[in-house]
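# Reading the structure
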Amino acid sequence: MRSLPAETEVIEFKEAKNNFHFDKLGKYFSALSNEANLKGKAEAWLIFGIENKDHRIVGSRYRHGDRSGLDSLKGEIAEKTTNRITFIEIYELNLPEGRVIMFQIPAAPRGFPIAWAGHYHGRDGEELSPLNLEEIERIREQATRIDWSAATCEGATIEDLHPEAIRVAREKFKVKNQRLATEMDDWDDLTFLSKAKIIIGNRITRTAIILLGKPESEYFINPAVARITWLLKDKENHEKDYQHFTCPFLLAVDGVFGKIRNLKYRYIKEDTLFPEEVDQFDPFTIREALSNCIAHQDYSCGGRVNVVEREDGYLTFTNLGEFLPGSIETVIESEEPPAYYRNSFLVNAMVNLNMIDTVGSGIKRMFRLQREKFFPMPDYDISGGKVKATLTGKVLDIDFARVLARNPGLSFFEILMLDKVQKKKELSDHEISYLKDRQLIEGRKPNFHISFSIAEKTGRKAEYIRNRGLKDQHYKDLILEFIGQYGAATKAEIDKLILDLLPNVLSPKQQENKVRNLVYSMSKRDKTIVNEGTRRKPVWRMSQP
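Okay, so let's go over this structure. (Residues numbered from 1 in each chain as written. Predicted model: local features only at pLDDT ≥ 70, side-chain atom pairs only at ≥ 80, totals over all residues. Heavy atoms only, no water.)

The next subject is the packing of aromatic side chains. The final tally for this structure, using the stated rule, is 20 aromatic pairs. A centroid spacing of 5.5 Å and a plane angle of 70° characterise the contact between Phe22 and Trp116, whose relative ring orientation is edge-to-face. Taken as a pair, Phe22 in helix α1 (residues 22-38) and Trp116 in strand β5 (residues 115-116) lie far apart in primary sequence, 94 residues in all. Since its relative accessible area comes to 28%, Phe22 is described here as partly exposed. Centroid distance Trp45 to Tyr91: 6.1 Å. Interplanar angle 35°. Geometry classified as tilted. With a gap of 46 residues between them, Trp45 in strand β2 (residues 43-48) and Tyr91 in strand β3 (residues 89-95) connect regions that are remote in the sequence. Cluster of aromatic residues (ring-pair linked, three or more members): Phe20, Tyr28, Phe29, Phe48, Tyr62, Phe87 and Phe103. When the ring centre of Phe257 is taken as origin, the NZ or CZ atom of Arg287, which lies over that ring, is 4.2 Å away. (Phe/Tyr/Trp six-rings, centres within 6.5 Å; stacked < 30°, edge-to-face > 60°. Helix = DSSP H or I, 4+ residues; strand = E, 2+ residues; numbered from the N terminus. Buried < 20%, exposed > 50% of the residue type's maximum accessible area, 1.4 Å probe, protein only. Lys NZ or Arg CZ within 6 Å of the ring centre and 35° of its normal.)

The next thing to look at is the pattern of salt bridges. Overall, the coordinates contain 35 salt bridges when judged by the stated rule. Between Lys74 and Glu89 there is a salt bridge whose closest N-O contact spans 3.6 Å. With Lys74 in helix α2 (residues 68-78) and Glu89 in strand β3, this residue pair connects regions lying 15 residues apart in the sequence. When salt bridges with common partners are traced through the structure, they connect Arg67, Asp71, Glu92 and Arg99 into a single cluster. (Salt bridge = Lys/Arg side-chain N within 4 Å of Asp/Glu carboxyl O.)

Residues of strand β17 (residues 447-450) alternate between two faces, with Phe448 and Ile450 buried on one and Asn447 and His449 left unburied on the opposite face. In this structure, strand β16 (residues 441-444) lies alongside β17, joined through four bridges in antiparallel fashion. Note that in β17 the partner of Arg444 across the bridge is Asn447. Turn length for the β16-β17 hairpin, with the two strands adjacent in sequence and antiparallel, is two residues. (Pairing = 2+ DSSP bridges.)

Let us now look at helix α13 (residues 398-406). Here α13 has its buried residues at Asp399, Phe400, Ala401, Val403, Leu404 and Ala405. On its buried face, α13 sits against α12 (361-372), α14 (412-422) and β17. (Contact = heavy atoms within 4.5 Å.)

Given below as structure tokens:
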């Protein structure tokens with residue numbers, strides 16, 4: 001890199017001899033990530049300790065000392081980037097000429113430009129600059145160009161599909177589409193597969209191979225693989241048993257489900273609020289988590305889906321690919337399905353076969369089922385280009401279970417915050433203030449604990465309603481009433497109208513996201529309003545006079 005005659009759009013040298021402004025670091029992250037995407041590169045590099053003109057090593061003392069100072073940058077950067085994208089790796093080189101730090105930055109995912117603190121950045125030659133509108137649209141258009149799962153397999157025929165898988169698919173489709181039950185009996189297999197949107201014009205798709213293909217037909221999707229691996233580990237994380245599953249995934253789901261032991265969990269009886277015993281993992285939760293892995297796996301990475309069962313009461317599901325909604329809170333908070341799926345054709349086929357639900361209600365139900373058993377909430381780790389969902393099949397903190405049992409009116413966000421406390425996860429200042437004000441936690445940072453003795457909130461019914469918030473349609477009606485009366489509404493006016501009405505439990509950032517999601521839903525899905533301003537300064541009017 002030092003031998004290059006000059007910097008490029010994807011390589012940036014900085015001296016950073018002693019320090020470097022954090023906000024400027026974020027802007028360079030956004031710019032280099034977007035430029036790597038536009039140049040067709042897998043990554044970009046920001047390098048500290050190198051002189052810009054002749055590329056001499058001058059050494060950098062940026063976050064010098066404990067390595068944890070550099071490692072924490074990944075989380076700090078993720079807080080302000082789109083979908084929490086962060087560094088692939090940070091390399092620290094202690095060379096004879098001086099210390100050099102190399103920040104490895106991933107290219108922006110196809111279809112998703114990367115913003116820093118809400119703004120998109122790029123490069124004009126060696127200069128940092130706003131990403132222009134043409135470049136933003138060029139990246140966004142990538143999302144509509146290719147659906148890997150919809151591609152057809154050259155040479156594949158219906159003979160490459162598993163007869164038993166087709167039979168089961170018919171049954172599941174009939175359950176999902178009762179009105180077609182009688183008519184379906186007269187369809188041949190090709191007609192059924194076409195009606196269920198699993199094949200395209202009698203051509204076998206990659207989706208058909210994944211869901212219904214014979215095991216030996218997996219080569220049609222090469223170099224991608226259709227594999228699920230189940231692992232059983234003991235409490236010391238030693239492997240005790242395993243089994244591999246391949247297509248047809250429609251049948252493999254039952255195979256994996258059959259391997260999971262799912263023992264009974266018996267409560268320590270303290271009062272009648274707790275049941276005597278429950279399954280460690282709800283069957284719906286297992287199938288939903290596994291089906292989500294199949295639907296959203298990035299098959300172009302050539303990896304497999306992993307299911308790890310641990311004898312100490314944990315079940316983990318992992319699939320490759322960025323979590324496109326950005327955060328699990330976004331999925332649960334939103335009343336709308338995601339605007340974009342990685343494998344849209346595969347997702348729609350699985351919906352038609354009653355394997356998953358597209359509106360996010362499946363994940364919401366997973367959280368609700370855990371709550372009903374007073375178990376910890378599901379954990380989602382969306383770092384490192386993969387999604388890892390972990391279910392806990394036992395009570396971790398009896399005070400957490402007591403609070404859930406005695407306070408059925410707790411909001412989802414209150415439960416998530418308390419769940420962080422029992423798992424010893426870091427709380428934001430807003431979360432600490434909120435929980436302390438309501439006397440739900442005790443202790444000093446970072447050693448908080450749930451205060452069950454004063455967590456019963458009888459007599460605070462009005463506050464429950466306030467924290468729960470109103471239905472989305474109520475907020476939408478207010479916006480429509482405002483526009484109807486005054487003719488138009490700017491972003492600032494909508495914020496002023498809605499923000500004070502949102503639940504206190506939401507952080508300021510979550511409140512901003514909520515308003516943005518409401519406006520997006522009204523313009524893109526309800527089509528009740530249109531933007532007659534610009535992207536940065538929208539002016540919303542009624543779509544119909």
